[in-house]
Amino acid sequence: MTERIGVYVCHCGTNIAGVVDVAEVSRWAGEHLAGQGVVVSRDYKFMCSSLGQELIQKDIKELGLTRVVVAACSPHLHEKTFRNACASADLNPYLCELVSIREQDSWVHTDKSAATDKAKAIISGGVARVAHHEALEPLRVPIHPATLIVGGGIAGIQAALEIADAGYRVYLVEREPSIGGHMAQFDKTFPTLDCSACILTPKMVDAGNHPNITLLTWSEVVKVDGYVGNFAVTINKKARYVNEELCTGCGICWEKCPWKVTDEVFEAGLGKRKVIYVPFPQAVPKYPVIDAENCAYFLKGTCKACEKFCPTDAIDFTQKDEQITVEVGNIILATGYDLFDVRRIPQYGYGRLPNVYTSLEFERLSNAAGPTGGNIVLRDGKTVPKTVGIVHCVGSRDQNYNPYCSVICCMQSLKFAHLVHERTGAEVYNFYIDMRTPFKDYEEFYQRLLAEGTHFVRGKVAEITDFARTPEEEGRMIIQVEDTLIGKQRRIPVDMVILSAGLEPRQDAKEVGKLFGLACGTAGWFIERHPKLDPVATMTEGIFIAGCAQGPKDIPASVAQGAGAAARVLGKIQQKEISLEPVRASINEQQCSGCRICNGLCPFNAILFHEDRMVSEVNPALCQGCGTCVAACPAGAISGTGFSNEQILSQIEGLLLVNVNGKTTEAVPA
Amino acid sequence: MTAELSFSNEIINMMYATHGNPISLCLQCGTCSGTCPAVEFMDHTPRAIIGMIRENLKEEVLASNTYWTCASCYHCTVRCPAGIDIADMMYVLKRYSIWKRSYKEGLIGPDFAEAFVKMVVNSGKSYEPILATTYLPRFTAAQLVQEALTATGLVLKGKMPLLPKKIRRLKNFQRMVKRIIPLGEAS
């Protein structure tokens, strides 16, 4: 044994020292592991402090250590700290091993003597392992300065503007004909009651005109290849049937188009649009789209009214879907949310009772640019409601549907109550379970509604029915609910019901996640790298998330997250190149039988197969070192750097050493 | 076990066999009470009863008519957003109340439930005329006449036997019941 190993045992205040006899462990390691190459063993109050790190660095220089074992917290927390400490003392950082005697020992045991023995065993394993470590060099790859942003809602627009303003190219992909997202559909925003379109459209115009932003609307990402810094993304540009170079956005085509269909997307089914259309007047880009499914020319081969009237001959019925590939270094997913389908709760009567509205329908109903010009009327188009019920938590906080709180519904319902009261003078009943108004100026808005005389009934609505029991209920809808603050069941007759439906992950979130190598949580939202400290990064390097794709949130939070994701991307671009962890899998071609079991298992699509030689190969830049393939390979042909068989087996041997050699009389816990 | 269980823990333990979640998960949203078709006859709403159990208000709960009024339609259980089996909780409270011999004066429920269980344990079958003795004394003359007419009709159509019947191998059935009603005292 030629290695000179140093062992450093951390007290972590009382986190470790409260349960493990740290001084004894350190003494034992120095004495009993000397045979394994340990030349020095020390304990220190906080190993991660700069004094603790200096202790290690001093020993490396003065005692000529070639390996370091630190027994402290989990590698998740301080592995980087100690590796960097070793690196600045000119020891290859991968020759340092951090073993956890906190999370895996002191925090989970109460028996002090057994916990001390376990700490010895863990350190013994670390010492045996570190002897087999190799000096590794991180992989350096260049970063392409362009960025792809998927989703042109407010989060995506914000991120795009931040990056473009910093001088880098952005490709902003949007599935719909225009950017703007859900925010473009809203009338007012809470709690300030700003006109949603008035504050959004300047940003949309900026994004549309920005020289660094390439808008790819009516487009979808179909394929993502490559890895952080070097993604090649294939985007399907759906045929618009309008030549964007010739079109001036004059609007004659959609004026002349004789065909109307219900607009299920932008008008939430409340209004109609032409078959050649822009979803709303301030749409960016200004070019219309022909809805081929409903166009008379595509269905019957006749009409062509738009083509006849177009002054610039921009209509092109021969356009085909086009696939383009862009190269980008980073990707931001801001794909947003879907509204909970309120038909799933039959007792709320949506679809059966005509004057039950979803929240999105009401947004359009109250919008001055909406189908009724902002008049809040019933479905007959003229009756102004005298009493309106607003139901909170529809599909949210309910184990039968979505267990989570959708965050925005309380404030949105308060906004609705205010708009109804202001424009119609109707009595408004809000039915809530808990009133959640947690951010700046939100509670003040609730106070304002209380002052306006809105009725607040604490209770989850049991059902909405048109079955009258009294003459007063005749011809109206009755909301049946327990007023839990009074402790009585109440039946409240109303003319209009608004269901504040919750937010749900996009229907295709799972497929999109798979496309980009992201995982979804149990509720279906994309999982962030860390829920507190890294909410915009993901476990896949170079891919970030922003807005409701990560979880329900309101507009300010989406904007903040969009900007946050942009800052992270800019940080990466500025580095010009990125160093990747050298902990990677590699395949020994001599041993590979070409069975391809590993190909399908790799969660990062990092394994490619050479048909000619019938062997698999790992792309080291894509590989994240998870080890799935290493465990799966039936021929044992794959090894993970930093996790070689030799290293793992000697660590196990080391763990067992305490018992095997009978060096302590106390048993090590199994 | 030597430590005295709190009332709420006793009820939670007895509810262990229901398919739902423990009542500690109740949000107090009132879906159960808003849904309940019999709530106007109850002195406390089902939601309030859950709140009272959680706060160990044993006397108030045992003095309530709520669970004796429950019609077992299970609508509350179906709609509960916290996944609590509220209808089965009502049965648990009935059992507890009879076990402790403590319930509101003047209710039909406890007598009816006791008569029903005794009858089924003794014969293996339900027999309406015996059950009727628990509620007939409270009927008005007109109601009694109506009841007699219904009973005659049932007998004439062969839907109700004149004398109670027993099931075969009654002993085995009774042994089985003894195992599943550890409170025992019902028979």
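Every chain is numbered independently, its residues counted from 1 as its sequence is written. Each chain is given a letter, starting from A, and each ligand a number, starting from 1, according to the order in which they appear as written. Where local features are concerned, this predicted model is filtered to residues with pLDDT of at least 70; where side-chain atom pairs are given and counted, the filter is 80 or more; whole-chain, interface and lining totals use all residues.

Caption draft 1: Seen up close, the overall build of chain A. A run of H or I in DSSP becomes a helix once it reaches four residues, and a run of E becomes a strand once it reaches two; helices and strands are each numbered from the N terminus. In terms of regular secondary structure, chain A is built from 18 helices and 34 strands. Counting only C-alpha atoms and orienting by the principal axes, one finds that chain A spans roughly 90 × 65 × 45 Å. The buried share among the 670 residues of chain A stands at 49%. Any residue surrounded by 20 or more other C-beta atoms within 10 Å of its C-beta is treated as buried, while 12 or fewer makes it exposed and the intermediate range makes it partly exposed; C-beta atoms here are placed from the backbone.

Caption draft 2: Just the interface of chain A and chain B, in detail. Every contact between the two is made by 16 residues of chain A and, on the other side, 18 residues of chain B. The element that contributes the greatest number of residues to the side of chain A that touches chain B is strand β25 (residues 477–483) of chain A, accounting for 3 residues. Class assignment for the residues of the side of chain A that touches chain B results in 4 nonpolar, 7 polar and 5 charged. With C-beta atoms placed from the backbone, a contact is any residue pair whose C-beta atoms sit within 7 Å. Amino acids are sorted into nonpolar (Ala, Val, Leu, Ile, Met, Phe, Trp, Tyr, Cys and Pro), charged (Asp, Glu, Lys and Arg) and polar (every other residue, Gly among them).

Caption draft 3: Here's a closer look at the domain arrangement of chain B. All names here are of chain B. Taken domain by domain, chain B comprises domain 1 (7–99) and domain 2 (108–180). Listed per partner, the contact involves 4 residues of domain 1 and 4 residues of domain 2. Among the elements that take part in the side of domain 1 that touches domain 2, helix α7 (residues 86–99) stands out by supplying 3 residues, more than any other. The class makeup of the residues in the side of domain 1 that touches domain 2 is 2 nonpolar, 1 polar and 1 charged. For the purposes of this description, domain bounds are those given by an automatic or database domain assignment.

Caption draft 4: Expanded view of unusual backbone geometry. Cis geometry marks the peptide bond from A:Phe190 to A:Pro191, where omega comes out at -10 degrees. The residue A:Pro191 is located in the loop between β8 (188–189) and β9 (194–195) in this model. In the segment running from A:Val284 into A:Pro285, the intervening peptide bond is cis, with an omega of 0 degrees. One can find A:Pro285 in the loop between β15 (276–277) and β16 (289–290). In this structure, A:Ala268 takes a positive phi of about 50 degrees despite not being glycine. As for its position among the elements, A:Ala268 is in the loop between β13 (260–262) and β14 (272–274). One non-glycine residue, B:Gln28, adopts positive backbone phi at about 60 degrees.

Caption draft 5: The packing of helix α1 (residues 22–32) of chain A against helix α5 (residues 112–130) of chain A, seen in detail. Residues and elements named next belong to chain A. Angles here are taken between N-to-C directions and fall from 0 to 180 degrees, while the axes themselves are lines fitted to C-alpha atoms, restricted in helices to the stretch in contact. Interhelical geometry of α1 versus α5 gives an angle of 40 degrees and a closest axis separation of 10 Å. Put simply, α1 runs oblique to α5. By crossing handedness, the relation of α1 to α5 is classed as right-handed. Between α1, through Glu 24, Val 25, Trp 28 and Ala 29, and α5, the contact on the second element is made entirely by Thr 116, Ala 119, Lys 120 and Ile 123. What sets the label is the angle itself: under 35 degrees gives roughly parallel, over 145 gives roughly antiparallel, 65 to 115 gives roughly perpendicular, and the rest give oblique. Should the near helix be turned counterclockwise from the far one by less than a right angle, the crossing is left-handed, whereas a clockwise turn marks it as right-handed.

Caption draft 6: Inspection of helix α10 (residues 141–156) of chain B at higher detail. Residues and elements named next belong to chain B. Expected span of a helix: the number of residues minus one, times 1.5 Å. Taking 1.5 Å as the rise per residue, α10 with 16 residues should run 22 Å; its terminal C-alpha atoms sit 23 Å apart, in good agreement. Counting buried residues along α10, only 0 of its 16 residues qualify, which leaves the element largely exposed. Just beyond α10, the residue with positive phi is Gly 158, at close to 75 degrees.

Caption draft 7: Representation of the domain arrangement of chain A. Residues and elements named next belong to chain A. The domain boundaries assigned to chain A delineate domain 1 (5–136 + 646–660), domain 2 (147–176 + 196–334 + 508–574), domain 3 (338–504) and domain 4 (585–641). The interface is formed by 12 residues belonging to domain 2 together with 15 residues belonging to domain 3. Here the residues of the side of domain 2 that touches domain 3 sort into 8 nonpolar, 1 polar and 3 charged.

Caption draft 8: Structural view of the packing of α7(B) against helix α8 (residues 108–123) of chain B. All names here are of chain B. Close contact between α7 and α8 brings their axes to 11 Å; oriented N to C, the two are set at 85 degrees. By the angle between their directions, the pair α7 and α8 is classed as roughly perpendicular. Contacts from Lys 94, Ser 97 and Ile 98 in α7 reach Pro 110, Ala 113 and Glu 114 in α8.

Caption draft 9: Local environment of the sheet that holds strand β18 (residues 330–333) of chain A. Residues and elements named next belong to chain A. Strands are treated as partners if at least two bridges between them are detected by DSSP. Reading across from one edge, β10-β7-β6-β18-β29 is the order of the 5 strands in this open sheet, with parallel pairing throughout. A single partner strand is all that each edge strand has here, and the edge strands are β10 (213–216) and β29 (543–545). Geometrically, the sheet is characterised by an average inter-axis angle of 20 degrees between neighbouring strands, direction not taken into account. Examined bridge by bridge, strand β7 (residues 170–173) and β10 share 4 bridges and lie parallel to one another. Its bridge partner lying in β10, Leu 172 is registered against Leu 215.

Caption draft 10: Representation of the sheet that holds strand β24 (residues 463–465) of chain A in the model. Residues and elements named next belong to chain A. Spatial strand order, β24-β25-β26: 3 strands in an open sheet with antiparallel pairing. Two strands bound the open sheet, and with one partner strand each, they are β24 and β26 (488–494). Direction aside, the axes of adjacent strands within the sheet are offset by 25 degrees on average. In the sheet, β25 pairs with β26 via 7 bridges, with the strands oriented antiparallel. Across the sheet, the residue bridging to Ile 478 is Pro 493, located in β26.

Caption draft 11: Molecular detail of α7(B). Across its 14 residues, α7(B) extends 20 Å between first and last C-alpha, which sits within 8% of the 20 Å expected from 1.5 Å per residue. Those residues of α7(B) that sit buried are B:Ile86, B:Ala87, B:Met89, B:Met90, B:Val92, B:Leu93, B:Tyr96 and B:Ser97.

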